[in-house]
Amino acid sequence: MEGALQLPIIDLSSTNPTSLTDSLRKACIEYGFFYIVNHGVEEELIQRVFEGSRKFFDLSLAEKMKVLRKNHRGYTPFYDEKLDLVDNPKGDPKESIYFGAPEDISLYGNLNQWPPEEALPCWRSTVEEYYRAILNLGKRVLSLIALALNVNEDFFEKVGAFNPPGALLRPMHYPVAGEIDYSDDKHMHGCGAHTDYGMITILMTDGFPGLQVCRDKLQQPQIWEDVPQLNGGFIINIGDMVERWTNCLFRSIYHRVTKPEQERYSVAMFFDPSPDCVVECLKSCCSESSPSRFPPVRVADYLKENYNITYGYQCKFLFCSSY
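Residues numbered from 1 in each chain as written. Predicted model: local features only at pLDDT ≥ 70, side-chain atom pairs only at ≥ 80, totals over all residues. Heavy atoms only, no water.

An unreviewed UniProt entry lists the chain under the name Fe2OG dioxygenase domain-containing protein, with Anisodus tanguticus given as the organism.

Okay, structure coming up:
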């Protein structure tokens with residue numbers, strides 16, 4: 001273990017656009033992870049989301065199972081997610097709940113699933129407010145990433161990545177050993193090693209440690225570095241879709257969460273492109289001497305394949321929604 005990683009800090013209040021995009025490009029090339037500060041999301045809203053998350057995860061299992069995940073919205077119990085079967089053969093000892101856009105509807109109504117209002121007063125309105133705030137923030141960051149790639153700032157919008165946006169909000173809970181069976185396996189982690197499947201992930205934690213990155217997963221032995229929470233900042237990482245668009249110039253980095261020494265909560269927004277969006281290498285990122293490493297792929301096909309690996313065939317109806 002190398003200790004804490006000093007990630008780049010991207011200040012969205014910068015009045016020098018060239019310096020901002022240059023710093024962002026360097027961060028995406030060298031780290032694949034970075035902090036953003038002065039992002040405009042109110043601390044009071046963030047704390048309300050965490051307060052509601054704690055109350056939700058404190059509900060009985062029977063109550064939480066009433067909103068069990070379907071169409072990739074709702075509660076995911078302990079061990080439901082299997083990201084790394086080598087270190088976490090039973091699955092990840094964490095629980096979470098997925099939310100899509102408040103407007104995300106099918107023939108059967110809104111796809112999001114909510115506990116009763118009397119159990120968690122105002123949590124739905126809080127989560128929906130937070131979702132919209134982070135969605136706007138994510139679009140802003142992706143426009144800066146486009147500029148950092150020397151394409152128009154509306155590149156992702158024009159290729160259909162936001163039509164509609166496929167962002168999923170996910171509060172997560174990592175209990176400490178004793179509250180859950182971590183087994184005698186010394187390698188058990190709170191969240192197995194993986195890369196994220198979408199464009200970017202915007203993460204906020206409660207400040208307790210756990211997140212680690214491995215900047216070279218092929219190196220043996222692997223070197224894992226801690227990523228602490230920065231007060232007032234979000235942690236952002238590049239996902240597989242941006243790595244494919246950029247031909248690995250901007251890297252989707254291996255990361256995990258260690259076995260928690262104290263109860264830990266986090267909230268992540270996963271920015272997936274629209275399911276029908278086709279991701280193919282940017283012309284500026286490939287050449288005869290550096291051909292594209294990936295064939296074009298429809299986002300729905302890529303996500304479905306990866307979610308089926310992660311969750312098993314429970315996800316085969318993932319895109320039976322308004323998409």
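Student: Can you break down the packing of helix H1 (residues 17–30) against helix H4 (residues 123–148) residue by residue, with the values?
Tutor: Where H1 contacts H4, the two axes come as close as 9 Å, and the packing angle between them is 85°. On the basis of the axis angle, H1 is roughly perpendicular to H4. Packed against H1, whose contacting residues are Leu 20, Thr 21, Leu 24 and Arg 25, the element H4 presents Val 141, Leu 144, Ile 145, Leu 147 and Ala 148 at the interface. When its residues are assigned to classes, the contact of H1 with H4 shows 7 nonpolar, 1 polar and 1 charged. (Axes fitted to C-alpha atoms, helices over the stretch in contact; angles between N-to-C directions. Helix = DSSP H or I, 4+ residues; strand = E, 2+ residues; numbered from the N terminus. Parallel < 35°, antiparallel > 145°, perpendicular 65-115°, else oblique. Contact = heavy atoms within 4.5 Å. Nonpolar A, V, L, I, M, F, W, Y, C, P; charged D, E, K, R; others polar.)

Student: Pulling in residues and values, what's your account of the layout of surface pockets?
Tutor: Here the largest pocket defines a volume of roughly 300 Å³. In terms of lining residues, the largest pocket is bounded by 15 residues, among which Thr 195, Tyr 197, Asp 240, Tyr 302 and Asn 306 are the most central. Looking at the lining of the largest pocket, the elements that each hand over two or more residues are helix H6 (240–245) and helix H7 (299–311). The element contributing the most residues to the lining of the largest pocket is H7, with 4 residues. Partitioning the lining of the largest pocket into residue classes produces 6 nonpolar, 4 polar and 5 charged. (1 Å grid on protein atoms, 1.4 Å probe; cavity = no way out; pocket = protein on both sides within 12 Å on 5 of 7 lines; lining within 4 Å. Points joined across faces, edges and corners; volume = space filled by probe spheres on them.)

Student: Any chance you could break down a nonpolar patch on the surface for me, citing the residues and the numbers?
Tutor: A cluster of nonpolar side chains, Leu 61, Met 65 and Leu 68, forms an exposed patch at the surface whose accessible area comes to about 260 Å². Within the element layout of this structure, Met 65 appears in helix H3 (residues 61–65). (Patch = residues over 30% accessible without salt bridge, like charges linked within 9 Å, V, L, I, M, F, W, Y side chains within 5 Å. Areas by Shrake-Rupley, 256 points an atom, 1.4 Å probe, with all protein chains shown as cover. Salt bridge = Lys/Arg side-chain N within 4 Å of Asp/Glu carboxyl O.)

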